[in-house]
Amino acid sequence: MNIFIFFYVLCCFFQLTFLIIEKQGKIKLSLLYKGLASLSFILLGIVAMQKSQNLLFAACIVTGLIFDGFGDVVINLRFAFEKSKHTTFLLGTALFFIGHIFYLVALLKTASLFLPSIICGIIGAAITLIILNLILDELKITYKIFAVFYITALFLMTSIAIFNLISSPKSLYCLLFAIGAVLFATSDILLILNNFGKKKIYTIRVLNLVFYYIAQLLIATSLAFVLH
C-alpha cells in the first residue's frame, strides 16, 4: 500500500502546485502540473490493475482514467486560450464522456442490479438536467446537447456503482468505486454551476477539483480489490 500512498501524495502535491501557479496568473505553466496530477492517478490505476483478478475490467477503467486525464488538461485550456474557450471546453467534455463510456462498459459487465440501476440513473440524469436548465443562464444548443449525453453517462455510472455496493456491501472495490463515482458526479455538477452560473466562486472551483481528484484516486485504487 506504500506505493498507493506515494501516488496519493504526488497527486495532491501536483494539484496544489497547479492551484498556486494558476492563482499567480501563470496559466500555461499551471497546465504542466495539471497534467502531472492526472498522470499520478493514471499510474496509480496501472499499478492497482496488477493486483486485480479481472484484468479486462481493470483495463477498461484504466483506459477511462487516461481519457479523463487528457480531458482534464484540455478542458483547462479555455483559461489559456480565451478565443478557443468554447472549443476546448467541449473537446475536454467529449474526452471525459469517452472516459465515462469506458467506465460504463466495465461496470455493465459486473452490474448486480442492472434494471434498477439503469432506471435510477436515467431518472437522476433527467431531474438534474431539468434543474440545471432552470437555474442556469441561457446556454447554447451545443452545450445543451453535450449536457444530455454527458450527464446521462455520468449518472448511469454513478447509479450502477451505488447499486453494486448495495448488492455487495462488504466489497472494498464496490465501496471505493461508489464513493469515487458520487464524488465525481458532485465535482461535475459544481463545475457546471460555477462555469455557467451568474457568478464564478473560487472556493467552488477548488472544491470541484478536490472532489474530482479524490474521486479518480479512489476509482484507480478500487482496481486492486476487484475479485471477479
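Residues numbered from 1 in each chain as written. Predicted model: local features only at pLDDT ≥ 70, side-chain atom pairs only at ≥ 80, totals over all residues. Heavy atoms only, no water.

(A) Geometry of the pattern of salt bridges. In the structure shown here, the tally under the stated rule is 3 salt bridges. The closest approach of N and O atoms between Arg205 and Glu22, which form a salt bridge, is 2.5 Å. Here Glu22 lies in helix 1 (residues 2-23) and Arg205 lies in helix 8 (residues 202-222), a separation of 183 residues in the sequence. In this pair, the class of Arg205 matches that of Glu22, namely buried. Glu82 serves as the salt-bridge partner of Lys85, at 3.2 Å between the closest nitrogen and oxygen. (Salt bridge = Lys/Arg side-chain N within 4 Å of Asp/Glu carboxyl O. Helix = DSSP H or I, 4+ residues; strand = E, 2+ residues; numbered from the N terminus. Buried < 20%, exposed > 50% of the residue type's maximum accessible area, 1.4 Å probe, protein only.)

(B) Just the side chain of Asp72, in detail. Note that Asp72 resides in helix 3 (residues 55-80). A relative accessible area of 4% means that Asp72 is categorised as buried. Engagement of the side chain of Asp72 in a polar contact is seen with the side chain of Lys34, the distance being 3.2 Å. Once residues lying within four places of it in the same chain are set aside, the contact partners of Asp72 are Lys34, Ser38, Phe96, Tyr212 and Tyr213. (Polar contact = N/O pair within 3.5 Å; in protein donor to acceptor, adjacent residues only side chain to side chain. Contact = heavy atoms within 4.5 Å.)

(C) Representation of the layout of surface pockets within the structure. Estimates place the volume of the largest pocket at around 480 Å³. For the largest pocket, the lining is made up of 30 residues, of which Phe89, Thr93, Tyr150, Ile192 and Phe196 are closest to its centre. Among the secondary structure elements, those contributing two or more residues to the lining of the largest pocket are helix 3, helix 4 (85-108), helix 5 (114-135), helix 6 (141-167), helix 7 (172-196) and helix 8. A total of 7 residues in the lining of the largest pocket trace back to one element, the largest contributor, which is helix 6. Class assignment of the residues belonging to the lining of the largest pocket gives a composition of 19 nonpolar, 5 polar and 6 charged. The computed volume of the second largest pocket comes to approximately 320 Å³. (1 Å grid on protein atoms, 1.4 Å probe; cavity = no way out; pocket = protein on both sides within 12 Å on 5 of 7 lines; lining within 4 Å. Points joined across faces, edges and corners; volume = space filled by probe spheres on them. Nonpolar A, V, L, I, M, F, W, Y, C, P; charged D, E, K, R; others polar.)

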